[in-house]
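A structural walkthrough
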Amino acid sequence: MKTLLKGGRVIDPASGLDAVMDVLIDGSQVAAIAPNIAPEQAYEVVQLTPQHWVTPGLVDVHVHFRDPGSPDKETTETGAAAAIAGGFTTVCVMPNTSPVIDSTPMVQYILNAAKPTGIQIFPIAAVTRGLEGEEMTSIGTLVSQGAVAFSDDGKPVASANMMRKALEYSKMFDVPIVCHAEDCSLFGNGVMHEGYYSTLLGLPGIPSVAESVMVARDIELARFTGGRVHFAHISSKESVALIRKAKAEGLRITAETTPHYLALTDACCQAYDPDFKMNGPLRAETDRQALIEAVMDGTIDMIATDHAPHTPDEKSMAFDCSPNGVIGLETALGVVLTQLFHTAKLSPTAIIELMSSKPAEVFKLKDSGKLSVGQRADITVIDPEQEWTVDPAQFRSKSRNSPFKGQTLKGRPVMTFANGQCLLQQSEALQASALV
Ligand code: DOR
């Protein structure tokens, strides 16, 4: 089966390509990228316009699929469906499941669960058994089984000595330790960013320094060990400043932020709606501006969703009792395009770099993040101009806890191809027509 994507703007940051081209998919591979490929018999032709971006499938290195443990929130199947709807063809799942992904059978369980979904799903295994911070997992064995990184995400690795050892071991396999930057003693019983709005709302605050003090510690441990630290969901301007400085010194540091930190602030918590509650929390406008600057100057390497499903019951609780986390796979691209492309802050190439090629490069996902001949045909077709209103009832995720509900966004994926298969077709205008 051959599919010809005709006349779109092909953007591949890895090779520097940004031009109107045709892309021929043959089976599971990209067979050709060239201007004006003549359609042959039995090709399926998708007529695009130069307004459409044809990009490598999006990559999200930070999702929670709750599998195993909480199928009421998400399963690998529904999480993958949400990913596909959001234009993602590769995701990395966090290990805070039940049981925790901290052993060979659990890594194999994730890889097996991934198979029928059509997309690439990679396990991030726990740094410590049961995320308990006491005993390090068998990093080498888990890498050999398919773990691409290690994290106790949801919790910090509280002991600096444990983090040191994890960095020393992981360095031997050249995989990153993903740091959930939080000092629990400073975090206390906080439920939102500590600042003007926490005071106004009478809610206990989480100071920015609860994040940045851990960022500072792990920068020093990266320096000391030579290991690779990747900072998850960076939310504060202080953390950005530390990461910028560490990178200038040449340390092996990478960092992600989320669409919600780039678009929203703690002012959103004023209605006490738990769909605006996550950890790290939404911070102040000055933090949001610092994060935008950081994605623009490369201090932040990638955008990841921290897709964290919770049930409507849990998210109907009082703000301070409700669990942390928001879903993001189906809104990420729209939010990023609205916030960063339509405001002329980032070019199309820069956006695809942040959401595909760079995360694939940092996490060494060799079949992801590239759109070139011979490559696995993981391709997203994006209409950056399409306006749509976020309606959680339409989500393919099992959960509904989106802070973007009701917002109008500009830009969305219209087709997602994974391994050459078209798994999403959003727009009737794009109905493929078989040529005979
Ligand atoms: O808000 C969050 N939710 N932050 C995390 O680090 C974990 C996540 C979850 O698992 O729900």
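So, a few notes on the structure that sits alongside this text. (Residues numbered from 1 in each chain as written. Predicted model: local features only at pLDDT ≥ 70, side-chain atom pairs only at ≥ 80, totals over all residues. Heavy atoms only, no water.)

Here the focus is the site of the ligand. Around the ligand, the surrounding shell holds 14 residues, and the nearest of these are Arg66, Asn96, His180, Asn279 and His310. At a separation of 2.7 Å, an oxygen atom of the ligand approaches a polar side-chain atom of Arg66. At 3.2 Å from an oxygen atom of the ligand is found a main-chain nitrogen or oxygen belonging to Asn324. For the ligand, whose unbound accessible area comes to 290 Å², protein coverage reaches 93%. Across the shell around the ligand, the residue classes tally to two nonpolar, nine polar and three charged. (Near = heavy atom within 4 Å. Polar contact = N/O pair within 3.5 Å; in protein donor to acceptor, adjacent residues only side chain to side chain. Areas by Shrake-Rupley, 256 points an atom, 1.4 Å probe, with all protein chains shown as cover. Nonpolar A, V, L, I, M, F, W, Y, C, P; charged D, E, K, R; others polar.)

Right, let's get into the environment of Ser322. Position of Ser322 relative to the elements: it lies in the loop between strand E15 (302-303) and helix H11 (332-341). Taking the relative accessible area as the measure of exposure, Ser322 reaches 2% and is therefore buried. Ignoring any residue separated from it by four or fewer positions in sequence, one finds Ser322 in contact with Pro274, Lys277, Glu314, Lys315 and Met317. Of note is the side chain of Ser322, whose polar atom sits 2.9 Å from the backbone oxygen of Glu314. (Helix = DSSP H or I, 4+ residues; strand = E, 2+ residues; numbered from the N terminus. Buried < 20%, exposed > 50% of the residue type's maximum accessible area, 1.4 Å probe, protein only. Contact = heavy atoms within 4.5 Å.)

Take the pattern of salt bridges next. Inspection of every chain in the model, using the stated rule, returns 24 salt bridges. Here Asp174 and Arg228 are joined by a salt bridge, their closest N and O atoms 3.5 Å apart. Of this pair, Asp174 sits in the loop between helix H4 (160-173) and strand E10 (177-179) while Arg228 sits in the loop between helix H7 (209-225) and strand E13 (229-231), and the two are 54 residues apart along the sequence. One salt-bridge network, in which partners are shared between bridges, spans Asp174, Arg228, Arg252 and Lys364. (Salt bridge = Lys/Arg side-chain N within 4 Å of Asp/Glu carboxyl O.)

On to the nonpolar core. Counting residues in each nonpolar core, the largest one holds 92 residues, and the members touching the most others are Val91, Ile121, Phe150, Phe231, Ile234, Ile253 and Met355. No other element matches H11, which puts seven residues into this core. Those residues within four positions of Phe231 in sequence are excluded, and the remaining contacts are Cys179, Val215, Asp218, Ile219, Ile243, Ile253, Thr254, Ala255 and Glu256. Val23, Ile25, Val46 and Val381 belong to the second-largest nonpolar core, a separate cluster that totals 17 residues. (Core = buried A, V, L, I, M, F, W, Y, C linked by side-chain atoms within 4.5 Å.)

For any two helices packed against each other, one specifies the crossing angle of their axes together with the interaxial distance. Two numbers describe how H7 lies on helix H8 (residues 237-248): the axes approach to 8 Å, and their chain directions differ by 15 degrees. Judged on the interaxial angle alone, H8 and H7 are roughly parallel. Crossing angle aside, the handedness with which H7 passes H8 is right-handed. Of the residues in H8, those in contact with Glu211, Ser212, Val215, Ala216 and Ile219 of H7 are Glu238, Ser239, Leu242, Ile243 and Ala246. In terms of residue class, the contact of H7 with H8 is made up of six nonpolar, two polar and two charged. (Axes fitted to C-alpha atoms, helices over the stretch in contact; angles between N-to-C directions. Parallel < 35°, antiparallel > 145°, perpendicular 65-115°, else oblique. Left-handed = near helix turned anticlockwise from the far one by under 90°.)

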